[in-house]
Protein chains: 4
Amino acid sequence: MIVIMSSKAGEERIQEIVSIIEKHEVQAHVSKGEDKTVIGIIGKFDPKLGEHLRQLSGVEQVVKISKSYKLASRDFHPANTVIKLKGVEIGGEELTVMGGPCAVESPEQIDEIARLVKAAGGQVLRGGAFKPRTGPYSFQGVGVEGLKMMKEAGDKHGLLTITEVMTPEYVDICAEYADILQVGTRNMQNFDLLRKLGTIQTPVLLKRGFSATYDEFLNAAEYILAGGNPNVMLCERGIRTFETYTRNTLDLSAIPVLQSLSHLPVISDPSHGTGRRELVEPMAKASVAAGANGLIIEMHTDPDNSMTGDGVQSLFPDQFARLLQDFEKLAPLFGKRFDVAKQAVHA
Amino acid sequence: MIVIMSSKAGEERIQEIVSIIEKHEVQAHVSKGEDKTVIGIIGKFDPKLGEHLRQLSGVEQVVKISKSYKLASRDFHPANTVIKLKGVEIGGEELTVMGGPCAVESPEQIDEIARLVKAAGGQVLRGGAFKPRTGPYSFQGVGVEGLKMMKEAGDKHGLLTITEVMTPEYVDICAEYADILQVGTRNMQNFDLLRKLGTIQTPVLLKRGFSATYDEFLNAAEYILAGGNPNVMLCERGIRTFETYTRNTLDLSAIPVLQSLSHLPVISDPSHGTGRRELVEPMAKASVAAGANGLIIEMHTDPDNSMTGDGVQSLFPDQFARLLQDFEKLAPLFGKRFDVAKQAVHA
Amino acid sequence: MIVIMSSKAGEERIQEIVSIIEKHEVQAHVSKGEDKTVIGIIGKFDPKLGEHLRQLSGVEQVVKISKSYKLASRDFHPANTVIKLKGVEIGGEELTVMGGPCAVESPEQIDEIARLVKAAGGQVLRGGAFKPRTGPYSFQGVGVEGLKMMKEAGDKHGLLTITEVMTPEYVDICAEYADILQVGTRNMQNFDLLRKLGTIQTPVLLKRGFSATYDEFLNAAEYILAGGNPNVMLCERGIRTFETYTRNTLDLSAIPVLQSLSHLPVISDPSHGTGRRELVEPMAKASVAAGANGLIIEMHTDPDNSMTGDGVQSLFPDQFARLLQDFEKLAPLFGKRFDVAKQAVHA
Amino acid sequence: MIVIMSSKAGEERIQEIVSIIEKHEVQAHVSKGEDKTVIGIIGKFDPKLGEHLRQLSGVEQVVKISKSYKLASRDFHPANTVIKLKGVEIGGEELTVMGGPCAVESPEQIDEIARLVKAAGGQVLRGGAFKPRTGPYSFQGVGVEGLKMMKEAGDKHGLLTITEVMTPEYVDICAEYADILQVGTRNMQNFDLLRKLGTIQTPVLLKRGFSATYDEFLNAAEYILAGGNPNVMLCERGIRTFETYTRNTLDLSAIPVLQSLSHLPVISDPSHGTGRRELVEPMAKASVAAGANGLIIEMHTDPDNSMTGDGVQSLFPDQFARLLQDFEKLAPLFGKRFDVAKQAVHA
């Protein structure tokens, strides 16, 4: 059960309501968003308590939610969440395209790629400064310098930026330089990282763990939401299966399922989801057809020499541009729009 | 290595070539198609032998194929296979839609559903007469009577028919009544069934085993092709994963992957692939966007009372009709066409 | 619900009981075993009907079973099933060891291996005459000749024999030559094959499908039992996972789980379950510790030149012999016995 | 390639060797253990460089290692790693048993359970103070207070203690109170946590991610080893599969495989690996038979009321004691010993 407080209710009234709740052998969990405060009631459901709370002053609404995640659920928030960020709306009518290299390598590299992303009509520049790598001896990213390079390139070309944050202590510095923070697949259940991200308002793109169920995925999002940060996007990026031809198996069912269970925007990552350049185009288009709110796509000017060795899944710039042109025709069939020229002119 | 014989080469010449091949410590595997005969050479690759064979009379072409499947591979047959059947072309420019109930239940049921499939623009009527069931006490289908009911309904409404065949001994009777024979997911590696299907010319829709790799899938198709039946379609119908929210996880990457490895048409089954009615529409459209040559979709006039209990994944007739109308707009973006009126008028 | 008929009840009385049952809008499914006849009642559970049947003459017992499989369930048959075959008891106090090559290759090969299996203390000779192969061009087994070679070797050395049967039409000939028939992993849900095996009394070793759940596995066994053949063994042979280092992942939990859900003997196959020779010994011992009733192990005198290419998972004869010696010490810790000398002397 | 420095070589000499290495367009990665310093050379293998280094003073040995993990590999360290801790040797001839509740709940609870673990012959007390939970509203552990309770109980009863650490900033405080730190399955690739654990000498039990491959698992261990902490144990705790009857599928092949690829001790967790109390005993014994160096087993005095809800997989104290008695007989068959009385008397 969740109690949504009226925006007029002050801190004192919230505490009073909490006290009332806690007399009933349940726990009260307060989430303060920018607009409104929500009190989650954790424990045995008591319909009489709900009835009682509904009548108290300061209480706007009381909602029963039977799932283990509350704030992430569509029962709690029936309308789509739309994240607004410097003129870009993620989760609304616009299809969002995030493009860029696996890793930031140099100022020249990221500047040139940013230019190409913008020219193709993308809204967000992706790039890793801190790279999670299976082994300790692989290239681990260029670090804070990479954050600065990305910010400069993003500002110059009029793009938002997204970068991965791997540990709670780097959340603040990453949030200083990037517009969106990404939680990688290996960290989906790094609960301290999620809790830390709940304390800021910077939007978070949460990647699905490569063997996470939908329920676990939404519970991970719940950690961020419960901390008070409502700006969460869910990202399907492929699950691990027995198939070895592809790097992962992109689970496109996740898109309509997550959108029915939750109000959060759903982004698809066909690059990691397939691990093969030639599959990015068909799976990107299939993602749009499945209802994705956006895509995050690897693009590199020299994929064969990328520093992470992930070039094999990166599009060449001209492939990226052609794909975005096709989005322009495809998006309207799915209630979205994507306007290459509008973005490109913006530059 | 594969030797494609000239269509003028007679039986005698073929046997001579086989004798020449078998002198080289490899096996010769003869597949007689309607148009041409192909001799597969199984064993260690010997470039000199290839050079020699190429120069012999009666030999049209010699192709080196390193994959374990030969006839199914695009190396062997670079152009798409298009299966032509009573005016319907599967694998060509037309998007093929197969619709109908999980199981044939009565003449009235299958007649009414056939009428609705036709009116909506579908080309093929699906329906099971023999049902593979996990347990022996579940409804096992109405048997041969069901074949007759389907044929009657298909003929009346101008639809092709497809039905599942489960065992070699029923292949002939099923082929007598149905236009396309389906091999179910549990039988993908029922090799005697595949061999038997190789001896006829009736088109076969081969469903991917629910944990089969792409390589195993194409090798299963190879069994049918190697027997001499070139009319094989591949059907992605969802793989088994850890996710329990959906019945299976529809692997749409399979569509572009199979089309790049093979020349055979690829059909998607979003009904079994998700097991949930509300996911059929988005995943059907995503299948088209991923490049599918066709779809097989469950539709039932009274899904809540279907005899197999699979109604939960069946569309209602009006949902089915609306989906096909949307295909009309979607297909052209992917180099296909789908014309509701043309089909419907045909009726 | 299951009605167990008294052994004195004749055919006529059974039919009368069936008629009584069918008046209640449920189906009666008659399974005739050698000792007793069981009538499974499929449909909505009706406690009054059970009460009524219990009082009728000829009825020995009425048992309520809520699982989808009935005869395979321990609720139906609380004691372990022990299959007795020419002095060997499978499922009882003795640990059963089945050893031999993947495929029968020649009379000399199978004779020499039979001698070694016997000398090491094994009770059953395994060997494939018909081989299920992923692709059509791989060695498919030597066929009926192989059955004869095996029978001769088994008879000569005092071993039972087990061989795989792949299709209903070969059941009778395989049963003529072999003591136990094996259903391979790809055929676990080849329902017509299972039905045919239900019509004979020859013991069947049913291998788990490589992605089958426990429930599906027991339902597959139910097909055989429901046909009237009570002599079924379950074989865990590894499931498909994302791990590529091993060929399969041997799921040893299956052993205690299947033994708690069912009364049927459970055999472990560490050869296919790992696909690597060096893992056979530890996983064979772990199988005994997990409670297996027996093991089926590949052994070959010349594994590097085996005709199936499966030699990499075959033990050398001396490894096989040492392993069986270790079983002698290990088995008693798990309530079983294994006596190398007794078996060997028998020869 | 790895350069093992002589224990006499000082800091200065190490730096000189590093300088020599870095002239060859490769990276030098220095790991300082307590006994010796190892310089990993990351980059293209150059046999001439190896030859050259081998001859330099201060260099004890140069080893070529082709795997992505170096220090974790048996090529690098052929003998078993034995971790010695207050008289307990993990990875040697003794079988190590770690027992205790999922979560520390109160001083009385943990004291009583510690007494029972000791009396049964266990060497290590397990218990969670910080609990990783799928959802934010579940019980998250009692925190630092729990660490203190565990330490007190361990000291009083003569047991080592192990507890989970979830984030880099808690490593120091956890290491202050516990003898062994556990990295949970969800954190196996929390690389900053692994790096932090590499900077201390406290032994680490690293749990396999529930969908991690062996290669990824060993690379995760490599992060800790490369930081300079050689005291790492690997823990198999079940992988995620399609089976829903068990919570996870315990992959016992992992034990012999990891022991052949690596020198690190391997511990099995049959509690999480099955999620069902009745499967813990058979799978614990099977683990010993597969060669495990130790076990970590949940035991609770009142499992039905455990605060984490994981009681369903916890043994009752008498089951735990009987199991350890059986280990006494079983361990010697596998080259290990386990002595209930010795441990119990110790108390």
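Treat the numbers as computed from the prediction; the structure is a model and nothing was measured.

### Some words on the overall build of chain A
Thought 1: Scanning chain A for helices and strands turns up 12 helices and 14 strands.
Thought 2: In terms of overall dimensions, chain A is globule-like: its C-alpha atoms have a radius of gyration of 21 Å, near the 20 Å expected for 347 residues.
Thought 3: The principal-axis extent of the C-alpha atoms belonging to chain A is close to 65 × 45 × 40 Å.
Thought 4: Looking at chain A as a whole, 65% of its 347 residues are labelled buried.
Thought 5: Long-range pairs, those at least 24 residues apart, make up 68% of the contacts in chain A with a sequence separation of at least 6.
Thought 6: With an accessible surface of roughly 12,200 Å², chain A has 48% of that area assigned to carbon and sulfur atoms.

### Let's talk about the confidence of the model for chain A
Thought 1: Chain-level statistics for chain A give a pLDDT mean of 93 and a share of 99% at 70 or above.
Thought 2: Prediction confidence for the complex, expressed as pTM and ipTM, is 0.92 and 0.91 respectively.

### Let's talk about the interface of chain C and chain B
Thought 1: Tallying the contact residues gives 33 residues for chain C and 33 residues for chain B.
Thought 2: Summed over both partners, the interface of chain C with chain B buries about 2,800 Å², with 53% contributed by carbon and sulfur atoms.
Thought 3: Area buried by chain C at its contact with chain B is led by C:Thr134, C:Tyr137 and C:Gln189, which between them contribute 25% of it.
Thought 4: One salt bridge in this structure joins B:Glu216 and C:Arg240, with 2.6 Å as the shortest N-O distance.
Thought 5: Summed over the shared surface of chain C and chain B, the result is 17 residue pairs in polar contact (both at pLDDT 80 or more).
Thought 6: At the level of secondary structure, the elements contributing two or more residues to the side of chain C that touches chain B comprise α6 (191-197) and α7 (214-227) of chain C.
Thought 7: Among the residues forming the side of chain C that touches chain B, the class breakdown is 13 nonpolar, 12 polar and 8 charged.

### Description of the relation of the copies chain C and chain B
Thought 1: You can overlay chain C on chain B at an RMSD of 0.1 Å; the transform is a turn of 180 degrees with a shift of 0.1 Å along its axis. Such a combination of turn and shift is consistent with a two-fold rotation axis. Minimal C-alpha separation from the rotation axis in chain C is found for C:Ser211, amounting to 3.2 Å.
Thought 2: Taken together, the interface assignments show that 100% of the residues at the interface of chain C recur at the interface of chain B, consistent with an identical surface on both copies.

### Brief notes about the nonpolar core
Thought 1: Of all hydrophobic cores here, the largest spans 347 residues; its most connected members are A:Phe327, B:Phe327, C:Phe327 and D:Phe327.
Thought 2: Non-local contacts of A:Phe327, meaning those with residues more than four positions away in its chain, are made with A:Leu95, A:Val97, A:Ala284, A:Lys285, A:Val288, A:Leu295, A:Ile297, A:Pro332 and A:Phe338.

### Topic: the pattern of salt bridges
Thought 1: By the definition in use, this model includes 88 salt bridges over all chains.
Thought 2: A salt bridge links C:Lys148 to C:Glu145; the shortest N-O distance between them is 3.6 Å. Pair noted here: C:Lys148 and C:Glu145 are both in helix α4 (residues 144-157), with a separation of 3 residues, about one helical turn.
Thought 3: Classification of C:Lys148 as partly exposed rests on a relative accessible area of 36%.
Thought 4: Of the residues examined, C:Glu145 reaches a relative accessible area of 45% and is grouped as partly exposed.
Thought 5: Across the pair D:Arg13 and D:Glu16 runs a salt bridge, and its minimum N-O distance is 2.7 Å.

### With respect to the sheet that holds strand β8 (residues 124-126) of chain B
Residue and element names in this part refer to chain B.
Thought 1: Here we have 8 strands rolled up into a closed barrel, ordered β7-β8-β9-β10-β11-β12-β13-β14, and parallel in their pairing. Neighbour-to-neighbour, the strand axes of the sheet open up by a mean angle of 25 degrees, direction not taken into account.
Thought 2: Pairing geometry for strand β13 (residues 266-268) and strand β14 (residues 294-298), over 2 bridges, is parallel. Of the residues in β14, the one forming a bridge with isoleucine 267 is glycine 294.
Thought 3: The strands touched by helix α3 (residues 107-120) are β7 (96-100) and β8; relative to β8, the strand with the most contacts, the crossing angle is about 145 degrees.
Thought 4: Of the strands in this sheet, β11 (204-207) and β12 (232-236) touch helix α7 (residues 214-227), which is tilted by about 155 degrees from β12.

### So, the interface of chain D and chain A
Often, the extent of an interface is quoted as the loss of accessible area on bringing the components together.
Thought 1: Taken together, the 33 residues of chain D in the interface contact 33 residues of chain A.
Thought 2: Both faces combined, the contact of chain D with chain A buries some 2,800 Å², and carbon together with sulfur accounts for 53% of it.
Thought 3: On the chain D side of the interface with chain A, the three residues burying the most area are D:Thr134, D:Tyr137 and D:Gln189, jointly 25% of the side's total.
Thought 4: For the interface between chain D and chain A, the tally reads 2 salt bridges.
Thought 5: Scanning the region where chain D abuts chain A turns up 17 residue pairs in polar contact (both at pLDDT 80 or more).
Thought 6: Those elements that provide at least two residues to the side of chain D that touches chain A are α6 (191-197) and α7 (214-227) of chain D.
Thought 7: Considering every element that reaches the side of chain D that touches chain A, the biggest residue donor is α7(D), with 6 residues.
Thought 8: For the side of chain D that touches chain A, the class distribution of residues is 13 nonpolar, 12 polar and 8 charged.

### Some thoughts on the environment of B:Lys36
All names here are of chain B.
Thought 1: Relative to the elements of secondary structure, lysine 36 occurs in the loop between β2 (27-32) and β3 (37-42).
Thought 2: When its relative accessible area of 36% is taken as the criterion, lysine 36 is described as partly exposed.
Thought 3: Expressed as a C-alpha distance, the spacing of lysine 36 and phenylalanine 334, which sit 298 residues apart in the sequence, is 32 Å.
Thought 4: Aside from chain neighbours lying at most four places away, what touches lysine 36 is Ile4, Met5 and Ser31.

### With respect to the side chain of A:Glu216
Thought 1: One can find A:Glu216 in helix α7 (residues 214-227).
Thought 2: The exposure class of A:Glu216 is buried, given its relative accessible area of 11%.
Thought 3: Look past the residues within four positions of A:Glu216 in its chain and what remains in contact with it is A:Met188, A:Gln189, A:Ser211, D:Thr134, D:Phe210 and D:Arg240.

### Brief notes about the packing of aromatic side chains
Any two aromatic rings considered together are summarised by their centre-to-centre distance and by the angle between their planes.
Thought 1: Enumeration over the complete set of coordinates arrives at 16 aromatic pairs over all chains.
Thought 2: Ring centres 6.0 Å apart and planes at 75 degrees place the aromatic pair A:Tyr214 and B:Tyr245 in the edge-to-face group. Taken as a pair, A:Tyr214 in helix α7 and B:Tyr245 in the loop between β12 and α8 (254-261) lie in two separate chains rather than in one.
Thought 3: Of the residues examined, A:Tyr214 reaches a relative accessible area of 1% and is grouped as buried.
Thought 4: Cation over ring: A:Arg240 sits above A:Phe210, and NZ or CZ is 4.1 Å from the ring centre.

### Some remarks on the side chain of D:Thr202
All names here are of chain D.
Thought 1: Structurally, threonine 202 is set in the loop between α6 and β11 (204-207).
Thought 2: Judged by its relative accessible area of 16%, threonine 202 falls in the buried class.
Thought 3: Leaving out residues up to four positions away in the same chain, threonine 202 has contacts with Ala175, Ala178, Asp179, Ile180, Leu181, Asn229 and Asn231.

### What to know about unusual backbone geometry
Thought 1: Not every positive phi belongs to a glycine, and B:Lys86 is a case in point at roughly 50 degrees.
Thought 2: By secondary structure assignment, the location of B:Lys86 is in the loop between β5 (83-85) and β6 (88-90).
Thought 3: Look at B:Lys86 and you get exposed, because its relative accessible area is 61%.
Thought 4: For C:Glu25, which is not a glycine, the phi torsion comes out positive at approximately 60 degrees.

Procedures and definitions
Residues numbered from 1 in each chain as written. Chains lettered and ligands numbered in written order. Predicted model: local features only at pLDDT ≥ 70, side-chain atom pairs only at ≥ 80, totals over all residues. Heavy atoms only, no water. Helix = DSSP H or I, 4+ residues; strand = E, 2+ residues; numbered from the N terminus. Rg over C-alpha atoms; globule rule 2.2 N^0.38 Å. Buried < 20%, exposed > 50% of the residue type's maximum accessible area, 1.4 Å probe, protein only. Contact = heavy atoms within 4.5 Å. Areas by Shrake-Rupley, 256 points an atom, 1.4 Å probe, with all protein chains shown as cover. pLDDT = per-residue confidence, 0-100. Buried area = accessible area lost by both parts, 1.4 Å probe. Salt bridge = Lys/Arg side-chain N within 4 Å of Asp/Glu carboxyl O. Polar contact = N/O pair within 3.5 Å; in protein donor to acceptor, adjacent residues only side chain to side chain. Nonpolar A, V, L, I, M, F, W, Y, C, P; charged D, E, K, R; others polar. Least-squares fit on C-alpha atoms with pLDDT ≥ 70 in both. Core = buried A, V, L, I, M, F, W, Y, C linked by side-chain atoms within 4.5 Å. Pairing = 2+ DSSP bridges. Axes fitted to C-alpha atoms, helices over the stretch in contact; angles between N-to-C directions. Phe/Tyr/Trp six-rings, centres within 6.5 Å; stacked < 30°, edge-to-face > 60°. Lys NZ or Arg CZ within 6 Å of the ring centre and 35° of its normal.

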